[in-house]
Each structure stands twice: as C-alpha cells, then as structure tokens.
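Observations on the model geometry
Letter by letter, the chains look like this.
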Amino acid sequence: MPGKLDMKFYSMNSPKKGYSWETPPEPVLESEIAETHKADVIFIGGGISGLAAAARCVSQGLDCIIIDKNERMVAVAGQIGAINSKEMEAQGLRVDKKKFAADWLKVSGSRVEESLMWIFINRSGEGFEWMLSLTDGEVYPRVYVGYKGPMFNEYPATHHLYLKEGSTQYNARGGGMLACEIFEKDYLKNGGKLSRGTTALYLEKDAGGRVVSCVAKSGDGKLSRYIGERAVVLATGDASDDKEMLEAFCPIGLRASKQYKRPGNTGDGQKMAYWAGAAIDNPEWAPTLHVLGYSGLQFFFLHVNRLGKRFMNEDTWMQAKSVRCLMQPGGDFAFSVFDSKYLDEIGARWDIIGGQGMTPHHMVDEGFDREVIAGSIERLMKGESIRHDGYDITNDPNCKKADTLEELAEKMDVPADNLIASVKRYNELAAQGDDADFGKRSELLTSITEPPFYALKWGPSLLDIFGGALINAELNVIGSDSNPIPGLYAVGNAAGGMYAVDYPLLLNGNSYGRALAYCMQLADSLTGKL
Ligand SMILES: Cc1cc2nc3c(=O)[nH]c(=O)nc-3n(C[C@H](O)[C@H](O)[C@H](O)COP(=O)(O)OP(=O)(O)OC[C@H]3O[C@@H](n4cnc5c(N)ncnc54)[C@H](O)[C@@H]3O)c2cc1C
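Residues numbered from 1 in each chain as written. Predicted model: local features only at pLDDT ≥ 70, side-chain atom pairs only at ≥ 80, totals over all residues. Heavy atoms only, no water.

**Some details on the nonpolar core**
Counting residues in each nonpolar core, the largest one holds 127 residues, and the members touching the most others are Phe43, Ile44, Phe100, Met131, Phe183, Leu203 and Leu522. Counting residues per element, this core draws most heavily on helix H14 (residues 510-526), which supplies ten residues. Not counting residues within four places of it along the chain, the set of residues in contact with Leu522 comprises Phe43, Ala53, Cys57, Val233, Leu475, Tyr489 and Val491. Counting 20 residues, the second largest nonpolar core, distinct from the first, contains Val304, Val337, Met412 and Leu419. (Core = buried A, V, L, I, M, F, W, Y, C linked by side-chain atoms within 4.5 Å. Buried < 20%, exposed > 50% of the residue type's maximum accessible area, 1.4 Å probe, protein only. Helix = DSSP H or I, 4+ residues; strand = E, 2+ residues; numbered from the N terminus. Contact = heavy atoms within 4.5 Å.)

**Quick word on the pairing of strand E2 (residues 64-68)**
Regular strands place their side chains on alternate faces of the sheet. The element E2 is largely enclosed, with a buried count of five among its five residues. Taking every second residue as pointing to the same face, both faces of E2 are buried, with Cys64, Ile66 and Asp68 on one and Ile65 and Ile67 on the other. Sheet topology places strand E1 (residues 33-44) next to E2; four bridges connect them, and they run parallel. Bridge assignment links Val41 to a residue of E2, and that residue is Cys64. Pairing geometry for E2 and strand E6 (residues 193-196), over four bridges, is parallel. Bridging from a neighbouring strand, Asp68 pairs with Arg196 of E6. (Pairing = 2+ DSSP bridges.)

**Here we look at the environment of Met381**
Structurally, Met381 is set in helix H11 (residues 370-381). Residue Met381 is classed as buried on the basis of its relative accessible area of 18%. Considering only alpha carbons, one finds Met381 and Glu114, 267 residues apart in sequence, at a separation of 47 Å. With sequence-adjacent residues up to four places away left out, Met381 is seen in contact with Pro397, Cys399, Lys401 and Tyr454.

**Some remarks on the site of the ligand**
Taken together, 33 residues form the shell around the ligand, and within it Asp68, Val76, Gln79, Ser511 and Tyr512 come nearest. One of the side-chain N or O atoms of Asp268 is found 2.8 Å from a nitrogen atom in the ligand. Between the ligand and Asn493 there is a distance of 2.9 Å, counted from an oxygen atom to a backbone nitrogen or oxygen. For the ligand, the accessible surface in isolation is 990 Å², of which the surrounding protein chains cover 95%. Looking at the shell around the ligand, the elements that each hand over two or more residues are helix H1 (48-59), E2, strand E7 (198-205), strand E15 (453-466) and H14. Across the shell around the ligand, the residue classes tally to eleven nonpolar, 17 polar and five charged. (Near = heavy atom within 4 Å. Polar contact = N/O pair within 3.5 Å; in protein donor to acceptor, adjacent residues only side chain to side chain. Areas by Shrake-Rupley, 256 points an atom, 1.4 Å probe, with all protein chains shown as cover. Nonpolar A, V, L, I, M, F, W, Y, C, P; charged D, E, K, R; others polar.)

**Looking at the side chain of Ser336**
Tracing the backbone through its elements, the reader meets Ser336 in strand E13 (residues 334-338). Within the structure, the side chain of Ser336 is placed 2.6 Å from the backbone oxygen of Gln298, a separation counted as a polar contact. If near-sequence neighbours (up to four positions away) are discounted, Ser336 is found in contact with Gln298, Phe301, Leu302, His303, Tyr454, Ala455, Leu456 and Trp458.

As structure tokens, this is what we get:
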C-alpha cells in the first residue's frame, strides 16, 4: 500500500525559533473599530507594485482602495526592466526570452516558480507600454547600455524614464518616483481611493476561510476595517528592515553594516500572510547588495581584502562584488588599489566596461568624464560623500593616498607585507597579460607602479530582500496546505516565488518590471480574463 502523499508545500510555514513575528497580534475589540470602508479590492501598500496594480484594476472597472503606512509616496529606483519594449524594437534590440529564463534560473539556484518568472518575461513589456500610454506622450524611455565583458549577461531591456520639456502633469524628473507618480495620478483620476498614513495590522477571514478584510490604524490612532469584496492584495514591500526576518530568511543580509533603509519595509505583508496560513518562500531569500557602502566606487583595479590580499576577479557585477566582499575575513569592506595612471586607465577602457559592473549607472549613462571621476576621488579623500541623496555621508576619508605602498598599507590598516606581495604579483600578471590567478580579462589588467598610490574603500549595502507569500499564476496566495487562500493576493516584494538565493542583476530594474507585469496579470485575474 503506498503511503499517503504529503502534498504540503515545502516552505517556511512552521515556527522555527520563536521569532516575535511568528505570533499574530490579538484582534482588536469590535467596539474599537471606528469606521468600515468597502471596495472591490483593498490594496495594502502603495509603492510601485500597489499603485501599478490598483491603477490597472481601476482602469478595468474595479473599485479600489489603497492604504499605505507612509504619509508620503516612497519610491527608490532609477531603472525599469521591461522585456522587448517598443523602444527596444526601435533600436533593433531584442531579448531572447528562453536564454534569459535559463540565466534567471541559474542565478536563482532553480528555486523559483517558473510560471511566475514567465509572467514577468512575457508581460513586463506590455505593462511598460501601458504605463507610457497614460502619460500623453510627456514621458519617454531610453534603454540603458549594459556590461560588455565576459563575466555575466546584462540584457538590454533596462529603461530609464525621462520627462519631456514643458511637461505639465508630473513633478518627478524620472526614475521610480516618476513611474509611481504616473500610476497614482491615473488611479486617482479614475476614482481610486488612497489613504496614506494608514497601517494594516492583520487580515480577517470569514467563516469559510476567505480573506475578506484587514484591520488598520491611522496616524491619529483610529482603527478601521477595510473590506475587499473581491480581493485583499498585499503590496507591502520587502522585509529588509526586520532583523529577525533577516536572520530567519536571509542571514547574509545581516553581515552588511550598511543598509539603505526605507520607512516601512518591515515585512508586514509576509507576516500577515503567514498568520493567515500562507506558505512562505524558503530561505535563502535573495538579497540585493549593491556596492554603495563607503565610497560607492571601485572600478576594475586590484581589489584586496582587509588582510591586504587579492580575493577575486575584479571584472564582475556589483552584486557579486558585494557578496564576495562579505565572505572575506572582516567582510563589510575591501579596497580598490591603483596608481597615478588611474584616470588614463579608466578612460582607455570605458567603452569595454559598461553596465553595473564597476561604475554607478549615472556615470555609465553620461559617459567617461575625467573631471567627474577625479573630482569624486578628491572628495572621497576629504571624507565627503559623492552621492547626492545624503546617504552614506561620512567624515572618514574613503580614499587614501600615499607615496609608498608601506605608507598606503598603514593608512588602510592592512598588513604591509601582504599588500606589497599582492601588488607585486598583480604587476607580474599585468606584465604577462594573463591573469592566471583569478581569470580577469587581460584588457583590464593594469600595473600599479607610478606613485602616488591610492586605496579606495568600498563595501556592500543591503537594499532589499526578495521573499514573500507564495502565489500561483493568478497571483492568489497559496496556503501551507497547497490550496489557494480565497480572497488573498500578493504583488511585488510581498509576493514570493520569483527570486531565490541571489538577485538577478542580469536585467537591472527587474523589480519595477515585475510590478508592471503583475499589474496586468492581477487585473486580468480579478476580472476573470485569465
Ligand atoms: C537604493 C535602492 C535602489 C533601487 N533601485 C532600483 C531600480 O533601479 N530598479 C528596480 O526595479 N528596483 C530598484 N530597487 C528596488 C525597488 O525599490 C523595490 O524592489 C520596489 O520598490 C518594490 O516595490 P513594492 O511595491 O513591492 O514595495 P515598496 O516599493 O517597498 O512599497 C511597499 C509599500 O507598502 C507600504 N507598507 C508596508 N507595510 C504596510 C502596512 N502594514 N500597511 C500599509 N502599508 C504598508 C510601505 O509604506 C510602502 O509604501 C531599489 C531599491 C533601493 C533600496
């Protein structure tokens, strides 16, 4: 007799360690609920995923309410991944979807739901065109030029948004803020309701197990019930600002001392889904770790760890650099070491670098500018930040300069004999034109011989972690018994299934791209078009 099959999802759906998030809050007393609001669909979260999906739902005739715990819109992004957009077609660019899918699966250790990945692949371009169609031609896209080396693929489907001169509709000049503004404007124009400064506390089910509402608290402490007659949609973003969730699902995220914190990304949607019986993505959730800590620059020069030793092929993307750095003794930061020839060396190689590999993308877009790079290094030596958003300002110089390697090692606080040996070996490899130690392409091997010598301190910063409530292709949240939970849906970073292990920077802006794909899919799902 065959044994009874256990059809439960293999997922993190049972308490492991007694984390505080495992315990749901006590329901509030009925008498404390001051107001009840009703709509076809309640969106919890009004970031890019909530705004885009709600805008699409309203445009398809659904009555919607968005609640968001922030008092103002928060949108952090510059790039939007949209596969095979019209702009790409106009430029003769085309992504081979099957190759892209294979690459995505490799980066994710095959731990993703392929159906969700394919929704992104097939519908991000459609969502992108729909977004542009809302702007009366006031917004136009450009495709970003990716990395040009042999270490990884950066597919040419990343877009930047630009506002046309004389635009009257929008305030944001570009990026994620503009995308969110486009959706919010259209949503409100079509009668959608938006309540910012309102935090969802927990979900409620009816006697049949259908999720029918959430209880939320506004800034003045008033409690309200929001009833979604057709659906309640979690769009609450990621959990990177909750240390216990990081420990449980993405422990490497705890290693980076720098974090780009956004107000509200405490995994509320993941927690609410968990309390409602949802299956949650298995660890390891994929983190986004960008080289934004300390100087924010590293280029392709010799990289040494805190022992003064070379540890990687420096010709790689910034997620990989961040992870490799975190795996080093002392982790957290490393150094890029170069000499007085650095500007000529960067300039001569600018056209073969490309993409997120070694330079911040504003620099890639604007082309090689000697003054900008030299000015950045000067500012870093004075302990000033080179970022414009006030993030990571430090009084501690993140670039050191010295006339000898001994003196440089002392300023870096690394063992001088190690640094000298690393530079000597690197110079030998550069002279041979063959990196037998780490396999870097020979065009990027440059010698370190002409003083003064420089050491640029760089390190990873945690941006987001990607994991959430498992969903099916209708974006309906799945319970730990493997059955869909009626009435409960998830989009964006609150939703699981599409990322695992490592963030696939093979298409920059895929997070915003997923929001655009899922907005189309959710509206079709809730209006019975799938
Ligand atoms: C520095 C930085 C740069 C980035 N650059 C890019 C980029 O170029 N391209 C890209 O695609 N991605 C980028 N990302 C990632 C991107 O910002 C996120 O993945 C994306 O915003 C996720 O969208 P979302 O709608 O799921 O979540 P969010 O944008 O985080 O929105 C979630 C919303 O839910 C609200 N919320 C949370 N809990 C509750 C609750 N209990 N009740 C009510 N509301 C709640 C929050 O206030 C928030 O407004 C970047 C991230 C960072 C940090």
